[in-house]
Amino acid sequence: MGSPGSGKSTLAARYPSTWCLNLDTYRALVADDETDQSATPVAVQIQDLLLDARLARGLTTIVDSTNLRVAARAGLLARAAHWERPVVAVLFDVPLATVEAQNAGRDRVVRTHIVRKFHRLLPTVGQLHDEGWPTVHLASTLTRPTP
Ligand SMILES: Nc1ncnc2c1ncn2[C@@H]1O[C@H](COP(=O)(O)OP(=O)(O)OP(=O)(O)O)[C@@H](O)[C@H]1O
Ligand SMILES: [Mg+2]
């Protein structure tokens, strides 16, 4: 869970690429544009299909999407429960100023008001526990990636 520019894909890139599901990738496959929000519903369907396929095989899977909406997180918990697989949340508790600086310094810059809107949706650890995430890791406590 984390706003655009908070470092989700950077962390995910440390794991095998086949483990990682990412809506940006599927929007690009659907619409030739990873930012085209009109492609999001189909991208979510693709993500759900792959998530089910992998969880059915008991494969570790990283959902590298913002996951800042309660409904999106509930959907992930439901899929994991269906396949009786454990879940771990990684909360990108990155201050807004850091997120804005990281966002500004990359190729695909997300508009500032969108970053702020998403950042405001960041849940607390307590909120995630209440929703049913037994384990929550804070990105701020993880080792920073080697440049
Ligand atoms: N721990 C870090 N320290 C410094 N820079 C970082 C760190 N994590 C990520 N960055 C940089 O921040 C920028 C945004 O990171 P990244 O693309 O991983 O964000 P994201 O959460 O996947 O965003 P989006 O939701 O838009 O895909 C990148 O340029 C990345 O190199
Ligand atoms: Mg990303």
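Residues numbered from 1 in each chain as written. Chains lettered and ligands numbered in written order. Predicted model: local features only at pLDDT ≥ 70, side-chain atom pairs only at ≥ 80, totals over all residues.

A. Summary view of the overall build of the chain. Broken down by element type, the chain carries 7 helices and 4 strands. The order of helices and strands in the chain, counted from the N terminus, is α-β-α-α-β-α-β-α-α-α-β. Its C-alpha radius of gyration of 15 Å places the chain within 12% of the 15 Å reference for a compact globule of 147 residues. Over its C-alpha atoms, taken along the principal directions, the chain stretches across nearly 40 × 35 × 30 Å. Counting only residues that meet the buried cut, the chain has 22% of its 147 residues in that class. Residue pairs at least 24 apart in sequence account for 69% of intrachain contacts in the chain once pairs closer than 6 positions are excluded. (Helix = DSSP H or I, 4+ residues; strand = E, 2+ residues; numbered from the N terminus. Rg over C-alpha atoms; globule rule 2.2 N^0.38 Å. Buried ≥ 20, exposed ≤ 12 C-beta atoms within 10 Å, placed from the backbone. Contact = placed C-beta atoms within 7 Å.)

B. Region of the structure containing the environment of alanine 43. Along the chain, the position of alanine 43 falls in helix α3 (residues 40–56). For alanine 43, a count of 24 C-beta atoms within 10 Å puts it in the buried group. Once the C-alpha coordinates of alanine 43 and aspartate 24 are considered, the two residues, 19 residues apart in sequence, prove to be 8.0 Å apart. In this structure alanine 43 touches Leu23, Tyr26, Arg27 and Val30, once residues within four positions along its chain are discounted.

C. Region of the structure containing the site of ligand 1. Lining the immediate environment of ligand 1, one finds 16 residues, of which Pro4, Gly7, Ser9, Thr10 and Gln102 sit closest. The element that contributes the greatest number of residues to the shell around ligand 1 is helix α1 (residues 8–12), accounting for 3 residues. Within the shell around ligand 1, the residues separate by chemical class into 3 nonpolar, 9 polar and 4 charged. (Near = placed C-beta within 6 Å. Nonpolar A, V, L, I, M, F, W, Y, C, P; charged D, E, K, R; others polar.)

D. Quick look at unusual backbone geometry. Despite not being glycine, asparagine 67 shows a phi value in the positive range, around 50 degrees. Relative to the elements of secondary structure, asparagine 67 occurs in the loop between β2 (62–63) and α4 (70–82). Accessibility expressed as a C-beta count within 10 Å gives 21 for asparagine 67, which makes it buried. The phi torsion at glutamate 84 lies on the positive side, around 55 degrees, for a residue other than glycine. When you line up the elements, glutamate 84 lands in the loop between α4 and β3 (89–91). Accessibility expressed as a C-beta count within 10 Å gives 8 for glutamate 84, which makes it exposed.

E. Here's a closer look at the environment of threonine 112. With respect to the secondary-structure elements, threonine 112 resides in helix α6 (residues 112–120). Taking the C-alpha atoms as reference points, threonine 112 and glutamate 100, separated by 12 residues in sequence, lie 7.2 Å from one another.

F. Spatial organisation of the environment of asparagine 103. Within the fold, asparagine 103 resides in helix α5 (residues 96–104). For asparagine 103, a count of 19 C-beta atoms within 10 Å translates into the label partly exposed. As a C-alpha pair, asparagine 103 and isoleucine 114 span 11 residues in sequence and 11 Å in three-dimensional space.

G. Region of the structure containing the packing of α5 against α6. α6 packs onto α5 with a crossing angle of 145 degrees between their chain directions and a minimal axis gap of 11 Å. The handedness of the crossing between α5 and α6 is right-handed. Residue-level inspection shows Leu96, Val99, Glu100 and Asn103 of α5 in contact with α6, the latter providing Thr112, Val115, Arg116 and His119. Looking at the contact of α5 with α6 residue by residue, the class counts come to 3 nonpolar, 3 polar and 2 charged. (Axes fitted to C-alpha atoms, helices over the stretch in contact; angles between N-to-C directions. Left-handed = near helix turned anticlockwise from the far one by under 90°.)

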